[in-house]
Amino acid sequence: MSKSYKLAANDVNAWYGDFHAIKGINIALEEKAVTAFIGPSGCGKSTFLRLFNRMNDYIDGFRLEGEILLDQKNIYKKDVRVDELRKEVGMVFQKPNPFPKTIFENVVYGLRIQGVSKKKVLEETVERSLKQAALWEEVKDKLHKSALALSGGQQQRLCIARALAIEPTVLLMDEPASALDPISTTKIEDLIYELKNQYTIVIVTHNMQQAGRVSDHTAFFLSGELVEHSKTKTLFTSPKDKRTQNYITGRFG
Amino acid sequence: MPHIDIEIEKLKKKLMEMWDLVEFQLEQGREAMRKADPEISKEILKLGKKVNNYDVKIDRMCENFFALFTPVAVDLRTVLAILKINANLERIGDTAEGIAAFVKKLEGTLSPELIEKVQVEVMYDEALKMFDDCRAAFMYNDADLAKELIKRDHVLNKIYRKSDEIVVSYLEGEPDKIKEGLVLLSIIKKLERVGDQVSNIAEEIIFYKDAEIVKHKKNKEKR
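Figured I'd write up the structure that's included with this text. Worth saying up front: this structure is predicted, and the values here are computed from it rather than measured.

## Some points on the overall build of chain B
Move 1: Of regular secondary structure, chain B possesses seven helices and zero strands.
Move 2: Over its C-alpha atoms chain B spans a radius of gyration of 19 Å, differing by no more than 12% from the 17 Å that the globule rule assigns to 223 residues.
Move 3: Considering only C-alpha atoms, chain B reaches an extent of 65 × 40 × 20 Å along its principal axes.
Move 4: Residues counted as buried form 51% of the 223 residues belonging to chain B.
Move 5: By sequence separation, contacts in chain B at least 24 residues apart represent 83% of the contacts at least 6 residues apart.
Move 6: Of the accessible surface of chain B, which amounts to about 11000 Å², a share of 53% is contributed by carbon and sulfur atoms.
Move 7: Charged side chains in chain B number 39 positive and 43 negative. The centres of these two groups are separated by 3 Å.

Given below as structure tokens:
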């Protein structure tokens, strides 16, 4: 393989109790590129995404087989500390979830937990992260106001800034724009396009057009299986599997 | 720049590269005709392959763009226009190759007297100028220039319509030059096609800029 792979799954199966949610998935995700996971509700795409930063660990009855690799290292090995893993792998959720604190404190939250208290470091991190998240210009004069006063789209970019503040290498996004209006959505999408120069991004989306616009690669999931994974332009112009074709053209079921 | 604009710029850039190539073919066609040079003709014909590759590539890029960006409004019209302009450019390239193929049939340079009478060089220069202006209209989204181009097509049509009679009467006096006369008429016919193809492109520019449909209108209505 000539391209470098940041994340990979080898023969991964996962269960919630008796429910077999992920069925024998093998996949490798390219570094500094955007991969979109698409598929109908309940197909396992979010479950699969959450495996990459061990978000399923504390769910009762959850069981995993196979390997999830970050930089060729199995992140489910006993010696891996989850808090260390999450410094590498940031996550952004569907609903913006800023803490009820100031904008500034939201961004530096991760650093404070790590024990960083130097004012200069914190200030620099806030500016860098907010700039990366394309929010700086809008909030630079009100950094010490409550984050909850921001609009939904701004809150979501703040959550992205918060994830970027701890300098991860991977960014997982679970429907990051589905609760936003079209203008905020475009901002998030343009942001993803910018960020992929520096980060490996995986995005789960119900919006097929969004997958088309932002991703380099797309993986289509169905009933816990990975049906097709290819370059986005290939998948959207000439999918190999009939099921993929039916899904993306809206002729499903 | 928003991502969608970056992608549209890529498409336009690719189209401009193809435009350069086709313009080169057309310009060389004029040289080949003037010197009756089969070597230049060969070069023009050889470039055809490259133009075809661009044609396929741009079609492909447009297809991907539609699939990935589901464009609307001006974005949609722009890419539809690029798709059609691409097809017309490819045909202008073919036309230049057609001219090259006719030049290869020439056994010597065209008679200066005949060239003067039928005004083929005037026609060729106007076709080249129209093609060049058409590029400017596209690059600067200049619908007014595009409309003007459609009107200028009549200059070529006029020379074309008169050419039969002029060549026939010339050949009556020079019966041994029948072959030369036929080649010249064929080239003139090709140049008349270039005018039509440039007009088609101009119509697409007006369409994407102003969402106005001017094709199939009578010339007088194309203001």
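## Quick word on the interface of chain B and chain A
Move 1: Counting from both sides, the interface comprises 12 residues of chain B and, opposite them, 10 residues of chain A.
Move 2: In this assembly, chain B packs against chain A so that about 960 Å² is buried in total across both faces, 58% of it on carbon and sulfur atoms.
Move 3: Between the two partners, chain B and chain A, sit zero salt bridges.
Move 4: Counting residues per element, the side of chain B that touches chain A draws most heavily on helix α2 (residues 38-69) of chain B, at six residues.

## Some remarks on the pairing of strand β6 (residues 89-92) of chain A
Residue and element names in this part refer to chain A.
Move 1: Residue alternation in β6 divides its side chains into two sets, Val89 and Met91 and Gly90 and Val92, and both sets are buried.
Move 2: Relative to strand β7 (residues 170-174), β6 runs parallel, the two sharing four bridges. Along β7, the bridge assignment pairs Gly90 with Leu171.

## Considering the side chain of Asn53(A)
Move 1: Relative to the helices and strands, Asn53(A) is located in the loop between α1 (45-51) and β4 (62-70).
Move 2: Accessibility expressed as a relative area gives 2% for Asn53(A), which makes it buried.

## Looking at the sheet that holds β7(A)
All names here are of chain A.
Move 1: Strand order in this open sheet of six strands is β6-β7-β8-β3-β9-β10, and the pairing throughout is mixed. Of all strands in the sheet, those bounded by a partner on one side alone are β6 and β10 (225-231). Strand-to-strand twist of the sheet, defined as the mean angle between neighbouring strand axes without regard to direction, takes the value 15°.
Move 2: With six bridges connecting them, strand β9 (residues 217-222) and β10 associate as antiparallel partners. When the sheet's bridge partners are listed, Ala219 is paired in β10 with His229.
Move 3: Together, β6 and β7 form the strand contacts of helix α7 (residues 152-165), whose direction differs from that of β6 by roughly 170°.

## Focus on the packing of aromatic side chains
Two aromatic rings are characterised by how far apart their centres lie and by the angle between their planes.
Move 1: Summed over all chains, the structure comprises 11 aromatic pairs over all chains.
Move 2: Relative to Phe131(B), the ring of Trp19(B) has its centre 5.2 Å away and its plane inclined at 20°; by these criteria the two rings are stacked. Of this pair, Trp19(B) sits in helix α1 (residues 3-35) while Phe131(B) sits in helix α5 (residues 120-139), and the two are 112 residues apart along the sequence.
Move 3: Of the residues examined, Phe131(B) reaches a relative accessible area of 0% and is grouped as buried.
Move 4: Their ring planes at 70° and their centres at 6.0 Å tell us that Phe138(B) and Tyr208(B) sit as a pair that is edge-to-face. Within this pair, whereas Phe138(B) is found in helix α5, its partner Tyr208(B) is found in helix α7 (residues 178-210), the two being separated by 70 residues in sequence. By the burial criterion, Phe138(B) is buried, and Tyr208(B) matches it.
Move 5: Put simply, the rings of Phe37(A), Phe48(A), Phe52(A) and Phe221(A) touch in pairs and so form one group of aromatic residues.
Move 6: The ring of Phe99(A) carries the charged tip of Arg162(A) above its face, separated from the ring centre by 4.1 Å.

## Overview of the packing of α1(B) against α5(B)
Residues and elements named next belong to chain B.
Move 1: Two numbers describe how α1 lies on α5: the axes approach to 11 Å, and their chain directions differ by 170°. When the axis of α1 is compared with that of α5, the two are roughly antiparallel.
Move 2: The residue makeup of the contact of α1 with α5, split by class, is 13 nonpolar, one polar and 10 charged.

## Examining the sheet that holds strand β5 (residues 73-74) of chain A
All names here are of chain A.
Move 1: Pairing within the open sheet is antiparallel, and its four strands lie in the order β2-β1-β4-β5. Of all the strands in the sheet, just β2 (19-30) and β5 have a single pairing partner and so form its edges.
Move 2: Here strand β1 (residues 5-16) runs beside β4; their pairing, made up of eight bridges, is antiparallel. When the bridges of β4 are listed, Ala8 appears paired with Leu69.

## Section: the pairing of β2(A)
Residue and element names in this part refer to chain A.
Move 1: The sheet contact formed by β1 and β2 spans eight bridges and is antiparallel. Across the sheet, the residue bridging to Ala14 is Ile22, located in β2.
Move 2: Once β1 ends, the chain turns through two residues before running back antiparallel as β2, passing Gly17 with a positive phi of about 60°.

## Focus: helix α6 (residues 143-173) of chain B
Move 1: For α6(B), spanning 31 residues, the distance from its first C-alpha to its last is 47 Å, which sits close to the expected 45 Å at 1.5 Å a residue.
Move 2: The N-terminus of α6(B) is capped by Asp142(B), whose side-chain oxygen sits 3.2 Å from the backbone nitrogen of Asp144(B).

Rules and cut-offs
Residues numbered from 1 in each chain as written. Chains lettered and ligands numbered in written order. Predicted model: local features only at pLDDT ≥ 70, side-chain atom pairs only at ≥ 80, totals over all residues. Heavy atoms only, no water. Helix = DSSP H or I, 4+ residues; strand = E, 2+ residues; numbered from the N terminus. Rg over C-alpha atoms; globule rule 2.2 N^0.38 Å. Buried < 20%, exposed > 50% of the residue type's maximum accessible area, 1.4 Å probe, protein only. Contact = heavy atoms within 4.5 Å. Areas by Shrake-Rupley, 256 points an atom, 1.4 Å probe, with all protein chains shown as cover. Lys, Arg positive; Asp, Glu negative; His and termini not counted. Charge placed at Lys NZ, Arg CZ, Asp CG, Glu CD. Buried area = accessible area lost by both parts, 1.4 Å probe. Salt bridge = Lys/Arg side-chain N within 4 Å of Asp/Glu carboxyl O. Pairing = 2+ DSSP bridges. Axes fitted to C-alpha atoms, helices over the stretch in contact; angles between N-to-C directions. Phe/Tyr/Trp six-rings, centres within 6.5 Å; stacked < 30°, edge-to-face > 60°. Lys NZ or Arg CZ within 6 Å of the ring centre and 35° of its normal. Parallel < 35°, antiparallel > 145°, perpendicular 65-115°, else oblique. Nonpolar A, V, L, I, M, F, W, Y, C, P; charged D, E, K, R; others polar. Expected span 1.5 Å × (residues − 1). Polar contact = N/O pair within 3.5 Å; in protein donor to acceptor, adjacent residues only side chain to side chain.

By themselves these figures say nothing about function.
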